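# Geometric and topological summary
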Amino acid sequence: AAALYQEARPSYPPTLIEVLQSELALAKHAQLLDLGSGTGKFLPYLKALGTDHHILALDPVAEMLAQLKQVHADVDCIQATSDAMPINDQSIDAICCAQSFHWFANPASLKEIHRILKEDSHLVLVWNQRDIEVSWVKALADLIYPFEGNTPRYHSDAWREVFQDQTLFQLHAEYRFDHVHSGSVEQVVSKRLLSTSFIAAMPSTQQQALKQQFEQIVLDA
């Protein structure tokens, strides 16, 4: 579902660029890595940090990187996994994991991330999350929850466990921003939810049945 992912996933709050510029304090010609880059949804925010930086995008899925190259032909791509990155020791000034770290939150990946980062550099974890305080958004979340199984998810908080009992990283700062995703019900709700990993893996008939349920929940709100 790489093409659907590229089409339907939301962007990130523009304020994030200012925070990254301030917190990362990147030198000229910094080396940046978009780890778990997917289709490159986060690349515009890395590019906005400066035109003189060099950006790498790494993802294990060839179809995702193919989508990325259609939009960002200027970015160097690496097809690899987070626990075996073909990148030199202490060569990266900042690593950003946007909507991805929960997929590889394990000690082997954390050690590999630490290996390629320069001393006193930053690992940045970014997520977009639905606001379940809104009643119809909560209804959508409740509908898809039984299908998750053991799929890695941000809201499970399981990804935090890798930072326990380790000395490689410490929390420097945490930010939360409101962010509005605008568009039609089909675009913002149905297609976005259909791009979710465990839903995208379902048979098309089951996906279409869920699509109708998604849209009905919004219409009934």
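Below or above, wherever it landed, is the structure these notes cover. Predicted, not measured: the structure shown is a model, and the values here were computed from it.

## Side note on the overall build of the protein chain
- Across its full length, the protein chain holds 9 helices and 5 strands.
- Ordering the α and β elements of the protein chain from the N terminus gives α-α-β-α-β-α-β-β-α-β-α-α-α-α.
- Compactness check: the protein chain gives a C-alpha radius of gyration of 18 Å against a globular reference of 17 Å for 221 residues, within 12% of the reference.
- Projecting the C-alpha coordinates of the protein chain onto the three principal axes gives extents of approximately 50 × 40 × 30 Å.
- Expressed as a percentage of its 221 residues, the buried residues of the protein chain come to 45%.
- Taking as baseline every contact in the protein chain between residues at least 6 positions apart, the subset at least 24 positions apart corresponds to 72%.
- For the protein chain, the accessible surface area stands at approximately 12,100 Å², while carbon and sulfur atoms represent 50% of it.

## Remarks on the state of the cysteines
- One pass over the full model with this rule turns up 0 disulfides.
- Unpaired in this structure, Cys-96 has its nearest cysteine sulfur neighbour in Cys-97, at a distance of 7.5 Å.
- With a relative accessible area of 1%, Cys-96 lands in the buried category.

What counts and how
- Residues numbered from 1 in each chain as written.
- Predicted model: local features only at pLDDT ≥ 70, side-chain atom pairs only at ≥ 80, totals over all residues.
- Heavy atoms only, no water.
- Helix = DSSP H or I, 4+ residues; strand = E, 2+ residues; numbered from the N terminus.
- Rg over C-alpha atoms; globule rule 2.2 N^0.38 Å.
- Buried < 20%, exposed > 50% of the residue type's maximum accessible area, 1.4 Å probe, protein only.
- Contact = heavy atoms within 4.5 Å.
- Areas by Shrake-Rupley, 256 points an atom, 1.4 Å probe, with all protein chains shown as cover.
- Disulfide = S-S within 2.5 Å.

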